[in-house]
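The primary structure of each chain is shown beneath.
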2 protein chains.
Amino acid sequence: MSSIDFNQVAQQFTTFYYEKFDSDRTQLGNLYRDQSMLTFESSQLQGARDIVEKLVSLPFQKVQHRVSTLDAQPASPNGDILVLVTGELLIDEETNPQRYSQCFHLLPDGNSYYVFNDIFRLNYS
Amino acid sequence: MSSIDFNQVAQQFTTFYYEKFDSDRTQLGNLYRDQSMLTFESSQLQGARDIVEKLVSLPFQKVQHRVSTLDAQPASPNGDILVLVTGELLIDEETNPQRYSQCFHLLPDGNSYYVFNDIFRLNYS
């Protein structure tokens, strides 16, 4: 386990990710690489370009993520970090939020991190 | 990406894990190692012994997991697998299930897999 504070990285990453997602999701491409994977509901995508294309094409104009829980663990001796987020999504003019769960596997790259794995699911009750 | 079918491994692992959990959770120790980590709600544990002690001490006699969604991705070139489960928990004589999210990071070990990371959260609405 390295001296990096994985909880702090996970917090900072998640805050940055959802700020970008909610303000201009065309900018999320820098957080993925060619080998990155996204499972978004039943869709599976690989590579930064296809992933961002998918995220940009989602059928809403306005979106707001509200994080309820955020937990992180070191995922390897190399500095990988696993993050599980649960939260609520508020879409367009809707007033009833939808609950979601999202799991990120972050890999270190120099002084920053990128998303290697990303699995997103809405929680229907 | 190896020739292993990560979706099949994730399915088989998850079925086995919840069957053991729901029938006799003292037997879950074989699925963890000394370096394994569990975040269960706000509790953090490391090592098979402490993890099983925590799981066994949970304050219910009967429990039933019902998986709603199960998604998997290869998490490294070494055969690691990331799994995100969302589902419902039915505890003791309660009739209202509680929703949960659980993320597993599975590492290969010979012909089987063990849990390196495990993050569990109830989803309150």
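Residues numbered from 1 in each chain as written. Chains lettered and ligands numbered in written order. Predicted model: local features only at pLDDT ≥ 70, side-chain atom pairs only at ≥ 80, totals over all residues. Heavy atoms only, no water.

### Considerations on the environment of Ser68(A)
All names here are of chain A. Following the sequence through the fold, serine 68 ends up in strand 3 (residues 63–74). Looking at serine 68, the relative accessible area reads 43%, which means it is partly exposed. Between the alpha carbons of serine 68 and threonine 15 there is a distance of 12 Å; along the sequence they are 53 residues apart. Ignoring any residue separated from it by four or fewer positions in sequence, one finds serine 68 in contact with Thr86, Gly87, Glu88 and Arg99. (Helix = DSSP H or I, 4+ residues; strand = E, 2+ residues; numbered from the N terminus. Buried < 20%, exposed > 50% of the residue type's maximum accessible area, 1.4 Å probe, protein only. Contact = heavy atoms within 4.5 Å.)

### Quick word on the packing of aromatic side chains
For any two aromatic rings, the description comes down to two numbers: the centre-to-centre distance and the angle of the planes. Per the stated rule, a full pass over the model turns up 20 aromatic pairs over all chains. Taken together, the ring pairs connect Phe13(A), Tyr17(A), Tyr18(A), Phe21(A), Tyr32(A), Phe40(A), Tyr100(A), Phe104(A) and Phe120(A) into an aromatic cluster. (Phe/Tyr/Trp six-rings, centres within 6.5 Å; stacked < 30°, edge-to-face > 60°.)

### Focus on the sheet that holds strand 3 of chain A
All names here are of chain A. In spatial order, the strands read 2-1-6-5-4-3; together these six strands make up an open sheet with mixed pairing. Each edge of the sheet is formed by a strand with only one pairing partner; in this case those strands are strand 2 (43–46) and strand 3. Between one strand and the next, the sheet's axes are offset by a mean angle of 20°, whatever the strand orientation. Taken together, the five bridges between strand 1 (residues 32–40) and strand 6 (residues 112–122) define a ladder with parallel strand orientation. Paired with leucine 38 across the strands is aspartate 118, a residue of strand 6. The sheet contacts of helix 1 (residues 6–23) involve strand 1, strand 3, strand 4 (81–91), strand 5 (98–109) and strand 6, and relative to strand 3 the element is tilted by about 160°. (Pairing = 2+ DSSP bridges. Axes fitted to C-alpha atoms, helices over the stretch in contact; angles between N-to-C directions.)

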